[in-house]
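Descriptive structure summary
Residues per chain are reported as follows:
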Amino acid sequence: MSAAELWDTLTGAELIRAIGEGKFPQVTDVSDYIGQVIVGAEPGRVELAWTPDVKLCNPGGTVHGGFIATILDNAVCLAASSLGDVFVPQLTLNLNIDYLRAVQAGETYRVIGTVTHAGRSRTVSAATLFDARDRACAAATASVTGNQIFARDRKSADGA
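**Description of the overall build of the protein**
Looking only at helices and strands, the protein features four helices and six strands. Against the globule reference of 15 Å for 160 residues, the protein gives a C-alpha radius of gyration of 16 Å, in line with a compact fold. Over its C-alpha atoms, taken along the principal directions, the protein stretches across nearly 60 × 30 × 25 Å. In the protein, which comprises 160 residues, the share counted as buried stands at 39%. Taking the intrachain contacts of the protein between residues at least 6 apart in sequence as the baseline, contacts between residues at least 24 apart amount to 63%. Surface exposure of the protein reaches about 8400 Å², of which carbon and sulfur atoms provide 52%. A distance of 5 Å separates the average location of the 13 positive side-chain charges in the protein from that of its 17 negative side-chain charges.

Spelled out as structure tokens, the structure:
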């Protein structure tokens, strides 16, 4: 299937999985820049692997909080997008983060994003960043909304 056919036919969770499997192109270059890989997606839940590079570190030698915020933001938005009949990118309305322990460059972390409330115009999601020992390093909650520029109706079988 072409990328256009995948875009028009897959659910949100299916398209996120297709991105992770390399069957659909990344929506932006941000994932590559920060070292994010989609591991899995099901409606209301996504799992990412994250291996931050040294270029993401602050002068103190640990990963900058802004990049931690970026990966958590990606997880909450993808979790919300995973609920759709079609994939719709999300816009963040607010993001609250608790930084719990230092994040080191070169180590691989697991990020889990889950939907806690799916409303008509706003979705509330949570994301947690875990280290290799399964300790929480940062946690976020967020409200997001679908980017209406990308909203579309599912095409009917006869193309009408």
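**Here's the deal with helix α2 (residues 12-20)**
Listed in full, the buried residues belonging to α2 are G12, A13, L15, I16, A18 and I19. Buried residues along α2 sit in contact with α1 (3-9), β1 (36-42), β2 (45-50) and α4 (65-81). Looking one or two residues beyond α2, the residue adopting positive phi is G22, at roughly 75°.

**Concerning the side chain of N147**
As for its position among the elements, N147 is in the segment after β6 (136-146). Among the residues examined, N147 registers a relative accessible area of 15% and is labelled buried. Apart from residues lying up to four places away in sequence, N147 is in contact with V88, P89, Q90 and L91.

**Things to note about the packing of aromatic side chains**
Following the criterion strictly, the structure yields five aromatic pairs and no others. Summarising the aromatic geometry, the rings of W7 and F150 are spaced 6.2 Å apart at their centres and angled 70° between planes, so their arrangement reads as edge-to-face. Of this pair, W7 sits in helix α1 while F150 is found in the segment after β6, placing the two residues 143 residues apart along the sequence. The class of F150 is partly exposed, set by a relative accessible area of 33%. When the ring of W50 is compared with that of Y109, the centres are 6.3 Å apart and the planes differ by 50°; the resulting orientation is tilted. With W50 in strand β2 and Y109 in strand β4 (residues 109-118), this residue pair connects regions lying 59 residues apart in the sequence. Note on W50: relative accessible area 0%, which makes it buried. Residue class for Y109 comes out buried when judged on its relative accessible area of 3%.

**A few points about the state of the cysteines**
The full count for this structure, using the stated rule, is zero disulfides. Considering cysteine sulfurs only, C137 is the nearest to C57, which forms no disulfide, with 14 Å between them.

Rules behind the numbers
Residues numbered from 1 in each chain as written. Predicted model: local features only at pLDDT ≥ 70, side-chain atom pairs only at ≥ 80, totals over all residues. Heavy atoms only, no water. Helix = DSSP H or I, 4+ residues; strand = E, 2+ residues; numbered from the N terminus. Rg over C-alpha atoms; globule rule 2.2 N^0.38 Å. Buried < 20%, exposed > 50% of the residue type's maximum accessible area, 1.4 Å probe, protein only. Contact = heavy atoms within 4.5 Å. Areas by Shrake-Rupley, 256 points an atom, 1.4 Å probe, with all protein chains shown as cover. Lys, Arg positive; Asp, Glu negative; His and termini not counted. Charge placed at Lys NZ, Arg CZ, Asp CG, Glu CD. Phe/Tyr/Trp six-rings, centres within 6.5 Å; stacked < 30°, edge-to-face > 60°. Disulfide = S-S within 2.5 Å.

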